[in-house]
Amino acid sequence: MAKKLSLESKYSRAGWCFVMPAAVLIFVLNFYPMVRAFFLSLQSGVANNLHFTGLRNYMRLLEDERFLYSVRNVFIYLLFQVPAMLFLAIVLASILNDTRLKYRGLFRTMVFLPCATALVSSALIFKSIFGMDGIVNHWCLSMGILSEPKNWLTDPVWAKVIIIICITWRWTGYNTVFFLAGLQNIDSSIYEAARVDGASTMQQFFKLTLPLLRPVILLTSIMSINGTLQLFDEVRNITGGGPGNETITISQYIYNLSFLNNPQFGYAAAISYTILLMVAVLSFIQFKVGDKND
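Presented here is a report on the structure given in the accompanying data block.

Cut-offs used in this document
Residues numbered from 1 in each chain as written. Predicted model: local features only at pLDDT ≥ 70, side-chain atom pairs only at ≥ 80, totals over all residues. Heavy atoms only, no water. Helix = DSSP H or I, 4+ residues; strand = E, 2+ residues; numbered from the N terminus. Contact = heavy atoms within 4.5 Å. Salt bridge = Lys/Arg side-chain N within 4 Å of Asp/Glu carboxyl O. Phe/Tyr/Trp six-rings, centres within 6.5 Å; stacked < 30°, edge-to-face > 60°. Buried < 20%, exposed > 50% of the residue type's maximum accessible area, 1.4 Å probe, protein only. Core = buried A, V, L, I, M, F, W, Y, C linked by side-chain atoms within 4.5 Å. Expected span 1.5 Å × (residues − 1). Bend = angle between axes of the 7 residues up to and from the residue. Polar contact = N/O pair within 3.5 Å; in protein donor to acceptor, adjacent residues only side chain to side chain. Axes fitted to C-alpha atoms, helices over the stretch in contact; angles between N-to-C directions. Parallel < 35°, antiparallel > 145°, perpendicular 65-115°, else oblique. Left-handed = near helix turned anticlockwise from the far one by under 90°. Nonpolar A, V, L, I, M, F, W, Y, C, P; charged D, E, K, R; others polar.

What follows is about the environment of Ile225. Turning to its location among the elements, Ile225 is positioned in helix α10 (residues 214-229). Dropping the residues within four chain positions of it, Ile225 is found in contact with Leu78, Val82, Leu282 and Gln286.

All told, the structure shown has 4 salt bridges when counted by the stated rule. Measuring nitrogen to oxygen at the nearest pair gives 3.2 Å for the salt bridge that ties Arg100 to Asp98. What you see here is one network of salt bridges that share partners, running through Arg72, Lys160 and Glu246.

The next point concerns the packing of aromatic side chains. Considering all chains together, one arrives at 9 aromatic pairs under this definition. Residues Phe205 and Phe206 carry aromatic rings whose centres are separated by 5.1 Å and whose planes lie at 90 degrees to one another, so their mutual orientation is edge-to-face. What makes Phe206 partly exposed here is its relative accessible area of 41%. Each ring, one from Tyr255 and one from Phe259, has its centre 5.4 Å from the other, and the planes form 50 degrees; the classification is tilted.

Membership of the largest hydrophobic core comes to 36 residues, with the highest contact counts inside it found for Phe67, Phe179, Leu229, Ile250 and Ile271. Contributing elements (two or more residues each) for this core: α3 (65-96), α7 (156-184), α8 (188-196), α9 (201-212), α10, α12 (250-259) and α13 (265-290). Among the elements that take part in this core, α3 stands out by supplying 11 residues, more than any other. With near-sequence residues (within four places) excluded, Phe179 lies in contact with Leu86, Ala89, Ile90, Ala93, Leu213, Val216, Ile217 and Thr220.

As a further point, take the environment of Thr176. Of note, Thr176 is situated in helix α7. Among the residues examined, Thr176 registers a relative accessible area of 3% and is labelled buried. Expressed as a C-alpha distance, the spacing of Thr176 and Leu78, which sit 98 residues apart in the sequence, is 18 Å. The residues contacting Thr176, other than those within four sequence positions of it, are Ala89, Leu92, Ala93, Leu96 and Val111.

Taken across its 10 residues, α12 has 8 buried, putting it largely inside the fold. When α12 is considered as a whole, its buried residues turn out to be Ile250, Ser251, Gln252, Tyr253, Ile254, Asn256, Leu257 and Ser258. At the C-terminal side of α12, Asn261 shows a positive phi close to 55 degrees.

End to end, α7 covers 42 Å across 29 residues, agreeing with the expected 42 Å (1.5 Å per residue, within 8%). Remark: the principal bend of α7, roughly 35 degrees, maps to Trp171. Two or three places before Val157, at the start of α7, stands the capping residue Asp155, its side-chain oxygen 3.0 Å from that residue's backbone nitrogen.

What follows covers unusual backbone geometry. Following Gly242, the chain continues into Pro243 via a peptide bond in cis, with omega recorded as -5 degrees. Positive phi outside glycine occurs at Tyr103, with the angle close to 55 degrees. Examined against the element boundaries, Tyr103 turns out to sit in the loop between α3 and α4 (104-116).

Positionally, Thr53 belongs in the loop between β2 (49-52) and α2 (56-61). A polar contact is formed between the side chain of Thr53 and the side chain of Ser44, at a distance of 2.9 Å. Not counting residues up to four positions away in its chain, the partners in contact with Thr53 are Leu42, Gln43 and Ser44.

Take the packing of α3 against α7 next. Taken N-terminus to C-terminus, the directions of α3 and α7 make an angle of 40 degrees; their axes are 7 Å apart at the nearest point. Relative to α7, the element α3 lies oblique. Helix-helix and strand crossings are classified by hand; for α3 and α7 the assignment is right-handed. Taken together, the residues of the contact of α3 with α7 sort by class into 18 nonpolar, 7 polar and 2 charged.

Here it is as structure tokens:
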């Protein structure tokens, strides 16, 4: 018994030796900055000249027009992009899961490739495509749709549309992988029984596939909303937040406050915690609405 306990103790110590380095890094690089940022959000001032002001930074949010613009823009991206992206991902996953489809491996790789490209690279590609001398203007001029080149990126509406297209193009393949894994865990006999009962392909999709994929839909929607609320790279590299503040996001505004002009670290930290609150509230709502056992 003593030898067994001694052996278990050794295994336990060995396990802690493996876990502790990662745990320390997670604490130092994640939890400590989060706690430090919270205390920083209760301070005001510039750079090293900070002083405690309580909740003043949080009260300031309600009067900051640029912050309100960024929140509005982010929710516009979220409302249009996330549902469209997830629906496309489910459809693509259903097609790629079909055993009758030839070259499935090739198509799966092609769908996932946009996600493998660097964020800056994909953003610059879309900026080039919709530039004054880009492919879109060339096609529109050649087909007579436009009489002169259009600056798409300075149009408030089209600039948002381009950003939505960019992030949808890049992240649809990523979510497709999750749905494909979920579909492969569904017993094929369920679909065979549905076909025997005369269910059409559309009926199988809406009555079987979507309900059975509910946990995956919940997971991907939470991750997608989280990512959209923190959207930065695409907007920063395509429009820079312009024209005016029509495409600026919350993360870009935090970046501007922290590193441009006069750094306001306390106020930027308060906005960061506002994003955390938004993510927490939206995730809670999704769990309540989507995670039901029928």
